[in-house]
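Residue-level structural notes
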Amino acid sequence: MKSKNQILILLLLINVFSYNSKAQSIHLLSVIETNDINRPDRSIDNERVEEIGKNIAQYVGLDYYSYNFGKKDAFSVSSVKATVQSLKNISCERDIIWFHFSGFGRNDGQSQLPIMKLTDGELSTSEIIAKLQAKKPKVLLITIEAGNKVAESKEITNQEGDEVDKITANKLKTLKRIAITPKESLLTMKTIPSAGIISNYERLFKDFEGVQIIVLSSCKVGQNSVSNYSIGSEWLFQLDKKLEQTTKNENVEASWEIITKKIYDHFRNKAEPKQLPQMSIKKISLNCSNHGEDEK
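The structure reproduced in this document is the subject of the present report. (Residues numbered from 1 in each chain as written. Predicted model: local features only at pLDDT ≥ 70, side-chain atom pairs only at ≥ 80, totals over all residues. Heavy atoms only, no water.)

By the definition in use, this model includes four aromatic pairs. For the pair phenylalanine 75 and phenylalanine 101, a centre-to-centre distance of 6.0 Å together with 20 degrees between the ring planes defines the contact as stacked. Residue phenylalanine 75 is found in the loop between strand 2 (63-68) and helix 3 (77-86), and its partner phenylalanine 101 is found in strand 3 (residues 96-102); the two are separated by 26 residues along the sequence. Residue phenylalanine 75 shares its accessibility class with phenylalanine 101, and that shared class is buried. Geometrically, the ring pair formed by phenylalanine 205 and tryptophan 256 is edge-to-face, given 5.7 Å between the ring centres and 90 degrees between the ring planes. With phenylalanine 205 in helix 6 (residues 195-205) and tryptophan 256 in helix 8 (residues 256-268), this residue pair connects regions lying 51 residues apart in the sequence. (Phe/Tyr/Trp six-rings, centres within 6.5 Å; stacked < 30°, edge-to-face > 60°. Helix = DSSP H or I, 4+ residues; strand = E, 2+ residues; numbered from the N terminus. Buried < 20%, exposed > 50% of the residue type's maximum accessible area, 1.4 Å probe, protein only.)

Here you go:
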């Protein structure tokens, strides 16, 4: 029995290091204003997103790059766009781009997905999907934790959602923003995971034909997204929890459909469900030469 376990561990190590030798990556763009002292839940969200991203990198065998927009000057439309523009077109064979936003949002009545509010304006989820799809990842994961009530656009708002004066608005618009430099982390596993966990992560992020665009939103049109100071976003907490439960269950073949149904059922079964999450998966046949459009 001991020799069989040693062989299994050796095979797992070979599996992990052979992936890393290919130098393929996960790029995590965490758009959360973490330096707002009045919103400690935002820091909790950021830590949770980072932990999930590192787990993906370790179990799928990817280099890990994180782009943190936590500082107020970086939490802006112009910084996000500059950073997205700076990303090179990447390998559509296995690379992952994950864009996460936690913050205020609204709906313009034209889409099921919210518009994100940042310090210098607004950014539509549809626009960010299109720009990141053009980078040609194997998996594009978009997660938006924001309110989705229909409301008219204000010229510019602060993070409480209030309109700021025109002088401040004009100053914010003229600030020069730069692309965020990614932080590269060298990750090591504290323990050797089971083959079942690795297989489940690979089902979600690697072992399928073509490419996938996965869009998850914390609530439907007309709803707010619940967050508190102890666990941060309740939806993001449930996403983390259900992802962990599903990947650790070796009797289940992990899928986004299973994970998101568990999250949806959690909110639906509440006595007064105030938010119901959304999910969309788009599958594209693998053709690296024409997957997405190059940005001009």
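With that settled, consider the pattern of salt bridges. Counted under the stated rule, the structure contains ten salt bridges. The salt bridge partner of glutamate 145 is arginine 42, with a shortest N-O separation of 3.6 Å. Taken together, the positions of glutamate 145 in strand 7 (residues 139-145) and arginine 42 in helix 2 (residues 40-60) put the pair 103 residues apart, joining distant regions of the chain. Here glutamate 145 and arginine 42 have matching classes, each one buried. For the salt bridge of aspartate 265 with arginine 268, the shortest nitrogen-to-oxygen distance reads 3.1 Å. Of this pair, aspartate 265 and arginine 268 both sit in helix 8, three residues apart, roughly one helical turn. The exposure class assigned to aspartate 265 is buried, which follows from its relative accessible area of 16%. The exposure class of arginine 268 is partly exposed, given its relative accessible area of 44%. (Salt bridge = Lys/Arg side-chain N within 4 Å of Asp/Glu carboxyl O.)

Turning our attention to the sheet that holds strand 8 (residues 183-185). Sheet architecture is open: seven strands sit in the order 8-2-1-3-7-9-12, paired in mixed fashion. Single-partner strands in this sheet number two, and they are strand 8 and strand 12 (278-284). Going across the sheet, the axis of each strand differs from the next one's by a mean of 15 degrees, ignoring polarity. Across the sheet, helix 7 (residues 234-248) lies against strand 3, strand 7 and strand 9 (211-217), angled at about 145 degrees from strand 7, the strand it touches most. Seen against the sheet, helix 8 touches strand 7, strand 9 and strand 12 and runs at an angle of roughly 170 degrees to strand 12. (Pairing = 2+ DSSP bridges. Axes fitted to C-alpha atoms, helices over the stretch in contact; angles between N-to-C directions. Contact = heavy atoms within 4.5 Å.)

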